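# Topology and contacts: notes
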Amino acid sequence: MLSFKLYNTKISSFLDLSIFGIEKSSFNEADVTIELSEIPIKRKFNKDSHSIGDSYSYFSTKNLGLFEVTNGQLIRFSPVGKYNELDVIESVLGFPMALCMSQRGHLVMHSSCVQYKGKNLLFCGASHAGKSTIAAFLSSKGGDIVSEDISVIDNSSTILPSGPYIKISRESLNETNINAEFLKNSTRSRHVFKTQQLPNLKKSAEICIFLKWGARTELKSISLKHALDNLYSYCYLSSSSEDSKKIINFISNIKFYELRIVKNFEKIEEVLNKIENI
């Protein structure tokens, strides 16, 4: 087993997470173990599915197999036949790791976080909403990416740093001119790139921006009810009261906005200007 540190958590893994730039570490006892099941799955799943619980969660993918997450301490992977290690690493660092961090008591959001011009900005939204693209553009203008695609937030609203990789289209990456090394193809025209090591910034969330596609660029402050609706859609939550408390704790010191963006790189400066003027 190999040893790593991610989200300020000690992780022991049968996978070499350093391929994705995850920091190698040394310790006597792991907080989280990622292990390979000795019993493979004999048939493929018909579709991807998941279940979220406080002590047991799972994520199944029809092409790879089953990831089971237990007590915030164990991620067990049961493959469907032979597997590609890069595909498994990409998967385990996504949904299964998010479920594990949630079981460990953190609020986990489908979002990217950038420290830009003294502001700590969370960009939250559905897959392919533009989170990684905006994070990359802000990084190219001097911002520091704190977390990418998944943001893990502790009970003091501190955002724990993620790994130095980004899932983004090659077209978007070329527009930003940030330094990145190609790792693998991902889904729907996106690719995984290894970026420069992220600074170990322990930053409190200040501003949360929900991203939507629109016919024109528009930024507006939103009500607490609207923010809550979005948070329950884009956070990894069970139905327990403990997970509801995470949301209540988070909203106390955060300003919420909705940013509508146009799918056109020629409009990106309008988007960045809106963000700078918050």
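It should be noted that the structure appears before, not after, this text.
Now for a description of the structure that goes with this document.

Thresholds applied
Residues numbered from 1 in each chain as written. Predicted model: local features only at pLDDT ≥ 70, side-chain atom pairs only at ≥ 80, totals over all residues. Heavy atoms only, no water. Helix = DSSP H or I, 4+ residues; strand = E, 2+ residues; numbered from the N terminus. Buried < 20%, exposed > 50% of the residue type's maximum accessible area, 1.4 Å probe, protein only. Contact = heavy atoms within 4.5 Å. Salt bridge = Lys/Arg side-chain N within 4 Å of Asp/Glu carboxyl O. Pairing = 2+ DSSP bridges. Axes fitted to C-alpha atoms, helices over the stretch in contact; angles between N-to-C directions.

Relative to the helices and strands, glutamate 218 resides in strand β20 (residues 218-221). Here glutamate 218 falls in the partly exposed class, since its relative accessible area comes to 29%. Taking the C-alpha atoms as reference points, glutamate 218 and arginine 260, 42 residues apart in sequence, are found 5.0 Å from one another. Residues in contact with glutamate 218, not counting those within four places in the same chain, are Glu258, Leu259 and Arg260.

By the definition in use, this model includes twelve salt bridges. Across the pair lysine 184 and aspartate 87 runs a salt bridge whose closest N-O atoms are separated by 3.0 Å. Here the residue lysine 184 occupies a position in strand β16 (residues 180-185), and aspartate 87 occupies one in helix α1 (residues 85-92), the gap between them amounting to 97 residues. The class of aspartate 87 is partly exposed, set by a relative accessible area of 29%. The partner of glutamate 258 in a salt bridge is arginine 260, and the shortest N-O contact between them spans 3.3 Å. Taking relative accessible area as the criterion, glutamate 258 reaches 4% and is therefore assigned buried. The network of salt bridges with common partners includes Asp87, Glu90 and Lys184.

Think of a sheet as strands paired side by side through backbone hydrogen bonds, with each pair either parallel or antiparallel. The three strands lie next to each other as β15-β17-β16, forming an open sheet whose pairing is antiparallel. What marks the edges here is a single partner per strand, and that holds for β15 (165-169) and β16. For this sheet, the mean inter-axis angle between neighbouring strands, taken without regard to orientation, is 35°. Examined bridge by bridge, β15 and strand β17 (residues 190-195) share five bridges and lie antiparallel to one another.

Along the chain, glutamate 242 turns up in helix α6 (residues 241-251). When its relative accessible area of 45% is taken as the criterion, glutamate 242 is described as partly exposed. Expressed as a C-alpha distance, the spacing of glutamate 242 and alanine 136, which sit 106 residues apart in the sequence, is 34 Å.

Next up on the list: the pairing of β15. With five of five residues buried, β15 lies mostly within the body of the structure. Neither face of β15 is left uncovered, since the one carrying Tyr165, Lys167 and Ser169 and the one carrying Ile166 and Ile168 both have all their residues buried.

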